[in-house]
Amino acid sequence: METNRIQPVRGMSDVLPDTCAAYRAVETELHQCFEQFGYRPINVPLVEHTELYLRKSGEAIVTRMYDFVYQNRRLCLRPEMTASIIRAYVEHLEEQTPLPVRLYYGGSVFRYERPQRERYRQFSQVGVELLGSAGPMADAEVIWTACRGLNQLGLKNYRVVIGHIGVLSKFLEGLQLGSRLQNLLLASTDLLRSENGRQKVAQTLQEIYPDYRPTDGSSTATPEQEGQLDKLVTLFQHLNDADAKAAILELLGSLNVDLKGSRSPEEIASRLLEKIHRQNRIPLIDKALEFMTELSALEGEPFEVLEKGKELLPRYGIDTAPLEELRSIVEVLKLYDLDWSQVSLDLGLSRGLQYYTGTIFEIHHASLGGERQICGGGRYDELVTTLGGNRSTPATGFSFGLERVCVALESEGHFNVGSHLRFDAFVIVLDAAQHGYAISVAEQLRNQGLKIELAIRDRTVSKNFQYAEKQSFPFVIVVGADEQAQSAVTLRTKAEQEGQRFTVDEAAQQILRFRTEAVL
């Protein structure tokens, strides 16, 4: 049957009243927790200039943005909150607010990705940003703030995983692989840990880097071809670009290679030289994958992982300073009331955002299966200056995925949809002549903090009582000519047939007393 209904956009979902109220209750609890640590609320626009995220958000985010041109301006729906918060800080707070600055937020973000369990293309982030403080005290407090928020919600079976992006990023920078390749490798650590992970990463590399040939036996080139290529690479690797290009042109000319076509001989030589340069990187990529494989195995009890890291990093010529940072953070974290069995270090942890510069962490919950992350964050000391700030400002923060937190709460029996939308009373009018008095009664009750719904449809009294029964109002307030004459109301509970006459103030006290006893 044909219908003129308009469906929601794929990947977007409607959040209906009971669920919406339950989400808000969770978000409010988290906000109250943040305020206990001194954080202040901030709100930022849904629509931003795309440039804001192109600078540092990373390919995993940038390629999934709702990015569009409107009236000659390139705009996007915000894919995450941190960049927007920092933009607002640079614009409004940097010159006026003493450090540290603590900000918290909540709101929708948008990413065009495959919808997953409780992860739609529009979803909600709730989090904090702490600006102007470096060192283990700040990092540990931020991690503990996230844990305390979950504790206050009643969540127990979560796990905190802490890493340091500096270990892997410094190693990759030293290999001089180029930013795109580095970012791809940084984003591949989880894939590397999967079954046949090395092969999957190699396939991903080949999609953007066709010349890559893994050294694990999966290469399709013959030994003779590989030997010839190695000789060519060796021949050109010690020449500068100008000499190498001239040598290539001379070689092609001596071989009578026909260079006629859409590209000039110089362009052909440049492309060939670039290919040779890329070929030079293959041993470096293999070295990176070898190190990443070993690094990814260092996961578990914090101090044991730190000791193993101290053995691994020197073998690759990597400074162990990040390990000392992690040790300091772990030692401060032990001062908080955190269940230590819930904490582990993972030196292979690598989040998808390029702006991280130091400690990173995630919080996982088993109820979410493979997509187990409910929170992620870390240190991003360069983002303020990247987004135009006047001075270097250390910063760290995290965000919860609100919907995922709620799934985790539900799995432990702490997410009760329908228990948060509680109205106190329904006001029924016996005759239209008392509409004015009924409005006055409803307003007086609302002024005392009660949630009052007024009957506004042209229904019979019995129909109104049926409606009140279906909506589970604990009280019905009846207003008629007698009540108006006495400046009173008739208050009925669900169990009563007749009800009792009270003044409006007395009725309010009865309802408030009931509400208090219900909570207790």
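All values reported here derive from a predicted model rather than from experimental measurement.

What to know about the overall build of the protein
Then comes step 1: A tally of regular secondary structure across the protein gives 20 helices and 17 strands.
Then comes step 2: Across the 520 residues of the protein, 45% fall into the buried class.
Then comes step 3: Partitioning the intrachain contacts of the protein with sequence separation of at least 6 by distance along the chain shows that 69% fall at a separation of at least 24.
Then comes step 4: Of the roughly 27,200 Å² of accessible surface on the protein, 48% is carried by carbon and sulfur atoms.

Some points on the UniProt feature "binding site: L-histidine" (unreviewed entry) in the protein
Then comes step 1: Feature annotation in UniProt assigns "binding site: L-histidine" (unreviewed entry) to the following positions: E80, M81, T82, R111, Q125, E129, R351, Y355 and Y356.
Then comes step 2: Position of T82 among the secondary structure elements: in helix α4 (residues 82-93).
Then comes step 3: The exposure class of T82 is buried, given its relative accessible area of 9%.
Then comes step 4: Mapped onto the elements of the fold, R111 is located in the loop between β5 (101-110) and β6 (122-131).
Then comes step 5: Judged by its relative accessible area of 12%, R111 is buried.
Then comes step 6: Leave out the neighbours within four places in its chain, and R111 touches I61, R64, Y66, P79, E80, R119, R121, F123 and Q125.

Comments concerning the packing of aromatic side chains
Given two aromatic rings, one states the distance between the centres and the angle between the planes to describe the pair.
Then comes step 1: The tally for this structure, following the rule as stated, stands at 17 aromatic pairs.
Then comes step 2: Ring centres 5.8 Å apart and planes at 80 degrees place the aromatic pair Y66 and Y112 in the edge-to-face group. Taken as a pair, Y66 in the loop between α3 (59-62) and β3 (67-70) and Y112 in the loop between β5 and β6 lie far apart in primary sequence, 46 residues in all.
Then comes step 3: For the pair F426 and Y467, a centre-to-centre distance of 5.2 Å together with 50 degrees between the ring planes defines the contact as tilted. Here the residue F426 occupies a position in strand β13 (residues 425-429), and Y467 occupies one in helix α18 (residues 461-470), the gap between them amounting to 41 residues.
Then comes step 4: On the basis of relative accessible area, F426 is assigned to the buried category, the value being 1%.
Then comes step 5: One aromatic cluster is present, built from ring pairs that chain together F34, Y104, F361, F398 and F400.

Points about the layout of surface pockets
Then comes step 1: In this structure, the second largest pocket occupies an estimated 460 Å³ of space.
Then comes step 2: V15, Y23, S124, L402 and E403 are the residues nearest the centre of the second largest pocket, which is lined by 21 residues in total.
Then comes step 3: Among the elements that take part in the lining of the second largest pocket, helix α1 (residues 17-36) stands out by supplying 7 residues, more than any other.
Then comes step 4: Looking at the lining of the second largest pocket residue by residue, the classes come out as 7 nonpolar, 9 polar and 5 charged.

Regarding the pattern of salt bridges
Then comes step 1: Inspection of the entire model under this criterion finds 15 salt bridges.
Then comes step 2: Where R327 meets E307, a salt bridge forms, and the shortest distance between an N and an O atom there is 3.0 Å. Taken as a pair, R327 in helix α14 (residues 321-333) and E307 in helix α13 (residues 302-315) lie far apart in primary sequence, 20 residues in all.
Then comes step 3: Put simply, E94, E95 and R391 are held in one network by salt bridges that share partners.

Digging into the sheet that holds strand β4 (residues 73-77)
Then comes step 1: Read across the open sheet, the 3 strands follow the order β2-β4-β3; overall the sheet is antiparallel. Edge positions in the sheet fall to β2 (47-49) and β3, since each of these pairs with one other strand and no more. Direction aside, neighbouring strands of the sheet carry axes that sit 40 degrees apart on average.
Then comes step 2: Strand direction decides the pairing type here: β3 and β4, joined by 4 bridges, are antiparallel. When the bridges of β4 are listed, V69 appears paired with R74.

Thoughts on the environment of L205
Then comes step 1: Considering the arrangement of structural elements, one finds L205 in helix α9 (residues 197-208).
Then comes step 2: Given a relative accessible area of 1%, L205 falls into the buried group.
Then comes step 3: Separated by 17 residues in sequence, L205 and S188 place their C-alpha atoms 9.7 Å apart.

Some words on the sheet that holds strand β17 (residues 500-503)
In sheet architecture, strand pairing relies on hydrogen bonds along the backbone and comes in two forms, parallel and antiparallel.
Then comes step 1: Spatial ordering of the open sheet is given by β14-β13-β15-β16-β17, a layout of 5 strands whose pairing is mixed. Both outer strands of the open sheet, β14 (452-454) and β17, are each paired with one neighbouring strand and no more. Taking each pair of neighbouring strands and ignoring which way they run, the sheet shows an average axis angle of 30 degrees.
Then comes step 2: Relative to strand β15 (residues 475-479), β13 runs parallel, the two sharing 5 bridges. When the bridges of β15 are listed, V429 appears paired with V479.
Then comes step 3: Each of β13, β14, β15 and β16 (488-493) touches helix α17 (residues 435-447); the most contacted strand, β14, lies at about 165 degrees to it.

Describing the state of the cysteines
Then comes step 1: If you walk through the whole model with that rule in mind, you get 0 disulfides.
Then comes step 2: In this model C33 remains outside any disulfide bridge; the closest cysteine sulfur is found in C147, 10.0 Å from its own.
Then comes step 3: Between C375, a cysteine without a disulfide, and C147, which holds the nearest cysteine sulfur, the sulfur-to-sulfur distance is 8.0 Å.

A few points about the packing of α13 against α14
Then comes step 1: Where α13 meets α14, the axes come as close as 10 Å, and the angle between the chain directions of the two elements is 170 degrees. Judged by the inter-axis angle, α13 sits roughly antiparallel to α14. Residue-level contacts link P302, F303, L306, E307, G309, K310 and L313 of α13 to L323, E324, L326, R327, V330 and E331 of α14.
Then comes step 2: Broken down by class, the residue content of the contact of α13 with α14 amounts to 7 nonpolar, 1 polar and 5 charged.

Quick notes on the environment of L284
Then comes step 1: Mapped onto the fold, L284 is located in helix α12 (residues 265-296).
Then comes step 2: Of the residues examined, L284 reaches a relative accessible area of 29% and is grouped as partly exposed.
Then comes step 3: In this structure, the C-alpha to C-alpha distance between L284 and L177, residues 107 residues apart in sequence, is 7.6 Å.
Then comes step 4: What L284 contacts, discounting residues up to four positions off in sequence, is L175 and L177.

Calculation criteria
- Residues numbered from 1 in each chain as written.
- Predicted model: local features only at pLDDT ≥ 70, side-chain atom pairs only at ≥ 80, totals over all residues.
- Heavy atoms only, no water.
- Helix = DSSP H or I, 4+ residues; strand = E, 2+ residues; numbered from the N terminus.
- Buried < 20%, exposed > 50% of the residue type's maximum accessible area, 1.4 Å probe, protein only.
- Contact = heavy atoms within 4.5 Å.
- Areas by Shrake-Rupley, 256 points an atom, 1.4 Å probe, with all protein chains shown as cover.
- UniProt positions renumbered as here; feature names shortened; annotations may be inferred.
- Phe/Tyr/Trp six-rings, centres within 6.5 Å; stacked < 30°, edge-to-face > 60°.
- 1 Å grid on protein atoms, 1.4 Å probe; cavity = no way out; pocket = protein on both sides within 12 Å on 5 of 7 lines; lining within 4 Å.
- Points joined across faces, edges and corners; volume = space filled by probe spheres on them.
- Nonpolar A, V, L, I, M, F, W, Y, C, P; charged D, E, K, R; others polar.
- Salt bridge = Lys/Arg side-chain N within 4 Å of Asp/Glu carboxyl O.
- Pairing = 2+ DSSP bridges.
- Axes fitted to C-alpha atoms, helices over the stretch in contact; angles between N-to-C directions.
- Disulfide = S-S within 2.5 Å.
- Parallel < 35°, antiparallel > 145°, perpendicular 65-115°, else oblique.

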